[in-house]
Amino acid sequence: MSDEIELKLLLPDELQYLQLREALDQLATPSAVDQVVYYLDTAKLELQLARQMLRVRVGNGVAKVTWKGPASMTAGVQQAEEREQPVPEPEASLWRMGGQAVTTPQRLGITGWLGLADDAVLRPLGAMANTRRTYHASIEGEPMVLELDRVRYSAGVERFELEVEHADAARLAQVQAKIHDLQKMESMLSGLIQACAHSSGDTACPIIAALAGELAVSAPDCPPERPDCPVSGCGH
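None of the values given here were measured: they were computed from a predicted structure.

Regarding the environment of glutamine 100
Tracing the chain through its elements places glutamine 100 in the loop between helix H3 (91-96) and helix H4 (105-108). In the structure, glutamine 100 is positioned 22 residues away from leucine 122 in sequence and 9.7 Å away in space, judged by C-alpha atoms. With residues near it in sequence (within four places) discarded, glutamine 100 still touches Glu91, Leu94, Trp95, Arg107 and Pro124.

In structure tokens form, the structure reads like this:
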């Protein structure tokens, strides 16, 4: 059991997503996974009424169940108690084959998590497909995780989101203040990419520098052929 502390930013459109993905790919090498996410509750929505969330995620051949308790929000940063573990067999294989119409806490291996009976009937409220790209960076030497999501719902509806996770809520609030709003980030990235399109050489350095400045993250060294790199501490 642990507390999840995260900052969520909803990106306005696909262009914003593609621009941010390009910039983050310059910052760090991502791990990517295609997954299907199922959100579960009882017929009476008892978890929703208790401000709890339960989901099963299936990706890379693995099914995981995640529970989150009631969340608090401070300065745009969300904090909630979280539990996560692999779904036990044989239940996991059924989720990998396309989900379940009904399940129970006992079958999911989470008895005692929800405050419900072990045989309480849980049903999927809905499902979504998600491509997640995960980047590992740091804030002043402390680990930080950035997760860039492309979420697809039925009827072709898509949503684009960036999640920033860090152990210190105060530091994430600082990140929120630096970003300020999505319009500022969009303008920054658009200007950088346009400027890079008219410059010669490797365009990674200025993109990394600006993104690192906005998110207060560390950036890798520039290649030797770019001695004019503006990244603080780059060594050039």
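Regarding a nonpolar patch on the surface
On the surface, a cluster of nonpolar side chains totalling about 310 Å² of accessible area is made up of Leu45, Leu49 and Leu125. Relative to the assigned elements, leucine 49 resides in helix H2 (residues 46-49). With a relative accessible area of 70%, leucine 49 lands in the exposed category.

Describing the nonpolar core
In this structure, Leu54, Trp95, Leu108 and Leu114 are the most contacted members of the largest nonpolar core, which totals 19 residues. Looking at this core, the elements with two or more residues in it are strand S2 (31-41), strand S3 (53-59), strand S4 (62-68) and H3. Each residue touching leucine 108, except ones within four places of it in the same chain, is listed here: Leu40, Leu54, Val56, Val65, Gln85, Val87, Pro88, Glu91, Trp95, Thr103 and Leu122. Counting residues in each nonpolar core, the second largest holds 16 residues, with Leu7, Leu24, Leu27 and Val164 among its members.

What counts, and where the lines are drawn
- Residues numbered from 1 in each chain as written.
- Predicted model: local features only at pLDDT ≥ 70, side-chain atom pairs only at ≥ 80, totals over all residues.
- Heavy atoms only, no water.
- Helix = DSSP H or I, 4+ residues; strand = E, 2+ residues; numbered from the N terminus.
- Contact = heavy atoms within 4.5 Å.
- Patch = residues over 30% accessible without salt bridge, like charges linked within 9 Å, V, L, I, M, F, W, Y side chains within 5 Å.
- Areas by Shrake-Rupley, 256 points an atom, 1.4 Å probe, with all protein chains shown as cover.
- Salt bridge = Lys/Arg side-chain N within 4 Å of Asp/Glu carboxyl O.
- Buried < 20%, exposed > 50% of the residue type's maximum accessible area, 1.4 Å probe, protein only.
- Core = buried A, V, L, I, M, F, W, Y, C linked by side-chain atoms within 4.5 Å.

Read these as spatial facts, not as claims about activity.
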